[in-house]
Amino acid sequence: MAGVVDVGADTPHSSFTYQALTFARERAIASRTGEIQTPADLADPERVRRGAGNYAAMCVNCHLSPEAPDSEIGKGLYPTPPNLSEKPAAPSSRDAARDFWIIKHGIKASGMPAWSKGGMEDEAIWDLTAFLQKMPLLSATAYEQLVAASDGHSHGGLEGHEEAPAAPVEEKPVAKGKNAHSHDHGAHKH
């Protein structure tokens with residue numbers, strides 16, 4: 001049987017497999033979020049501001065920002081990461097406990113990391129959760145302003161681990177155009 005299942009990210013699951021995995025994932029998350037207590041200050045603008053910097057540093061490449069086109073990495077992941085900046089079809093809020101659990105624990109075999117394993121503390125996860133509640137309501141300009149006003153990538157760390165000071169970043173001109181992006185791909189062409 002070895003090698004029968006195609007595990008390539010460029011070959012989707014059958015409809016039945018995809019539906020079964022989605023059902024199992026949603027039931028597993030729902031069964032683990034019932035006891036999570038959402039902080040009373042989740043809507044505090046300070047939480048949202050702090051969460052914006054971590055989103056821009058850790059999440060935007062896969063989950064996008066308001067009005068942004070699909071990302072190169074997002075197109076290559078399967079299942080495709082949800083666009084967390086999409087405006088909801090109906091006025092409803094995100095499930096904060098669900099978002100918190102997913103950020104903290106990740107999702108196996110999906111590319112979604114367990115940020116707590118990397119040292120992200122619960123308070124920073126709640127800040128990111130607070131930001132996710134507001135982001136679909138933001139324009140691209142409002143998003144960029146909120147990120148600029150944030151503390152950047154800041155979320156504590158593992159016990160005994162101190163974050164190294166940020167290395168200077170060389171400013172590179174950003175290409176303009178439909179297929180432009182600003183990271184180095186070496187010798188391959190787009």
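Participant: I would appreciate a short explanation of the overall build of the protein in the present structure.
Facilitator: A tally of regular secondary structure across the protein gives seven helices and zero strands. Listing each helix as α and each strand as β along the protein from the N terminus yields α-α-α-α-α-α-α. Here the protein, with 190 residues, has 29% of them falling under the buried criterion. Taking as baseline every contact in the protein between residues at least 6 positions apart, the subset at least 24 positions apart corresponds to 70%. As displayed, the protein offers around 13,000 Å² of accessible surface, 56% of which is attributable to carbon and sulfur atoms.

Participant: Looking at this structure, how should I read the environment of Pro-88?
Facilitator: Structurally, Pro-88 can be placed in the loop between helix H4 (72-76) and helix H5 (96-105). Sequence-wise, Pro-88 and Pro-136 are 48 residues apart; in three dimensions their C-alpha atoms are separated by 7.2 Å.

Participant: In this structure, what is going on with the nonpolar core? I would like to understand it.
Facilitator: Across soluble globular proteins, nonpolar side chains have a tendency to be buried as a group. Counting 29 residues, the largest nonpolar core has Tyr-55, Met-120, Phe-131, Met-135 and Tyr-143 as the members making the most contacts within it. At the level of secondary structure, the elements contributing two or more residues to this core comprise helix H2 (45-58), H5 and helix H6 (122-134). Here the element with the most residues in this core is H6; it accounts for seven residues. Excluding residues that lie within four positions of it along the chain, Tyr-143 makes contacts with Tyr-55, Ala-56, Val-60, Ser-65, Pro-66, Phe-131, Met-135 and Leu-138.

Participant: Quick question: what am I supposed to make of H6 here?
Facilitator: Each α-helix winds once per 3.6 residues, and so residues spaced three or four apart point in a common direction. The terminal C-alpha atoms of H6, which comprises 13 residues, lie 19 Å apart, in line with the 18 Å expected from a rise of 1.5 Å per residue. Residues of H6 that are buried include every one of Ala-124, Ile-125, Trp-126, Asp-127, Leu-128, Thr-129, Ala-130, Phe-131 and Leu-132, and no others. Where H6 is buried, its residues meet H2, H5 and helix H7 (140-149).

Participant: Would you take a moment to explain the confidence of the model for the protein for this structure?
Facilitator: Where the model shows low pLDDT, its predicted coordinates should not be examined in detail. When pLDDT is averaged along the protein, the result is 84; 80% of the residues meet or exceed 70. Across residues 158-190, confidence stays below pLDDT 50; counting only partners more than four residues off in sequence or on other chains, it has 14 contacts.

Participant: Would you take a moment to explain the state of the cysteines for this structure?
Facilitator: One way to say it: the disulfide is the covalent bond shared by the sulfur atoms of two cysteines. Tallied over the full model, the rule gives zero disulfides. With no disulfide of its own, Cys-59 has Cys-62 as its nearest cysteine by sulfur position, at a separation of 8.5 Å. A residue is classified by how much of its surface remains accessible, and Cys-62, at 22% relative accessible area, is partly exposed.

Conventions we followed
- Residues numbered from 1 in each chain as written.
- Predicted model: local features only at pLDDT ≥ 70, side-chain atom pairs only at ≥ 80, totals over all residues.
- Heavy atoms only, no water.
- Helix = DSSP H or I, 4+ residues; strand = E, 2+ residues; numbered from the N terminus.
- Buried < 20%, exposed > 50% of the residue type's maximum accessible area, 1.4 Å probe, protein only.
- Contact = heavy atoms within 4.5 Å.
- Areas by Shrake-Rupley, 256 points an atom, 1.4 Å probe, with all protein chains shown as cover.
- Core = buried A, V, L, I, M, F, W, Y, C linked by side-chain atoms within 4.5 Å.
- Expected span 1.5 Å × (residues − 1).
- pLDDT = per-residue confidence, 0-100.
- Disulfide = S-S within 2.5 Å.

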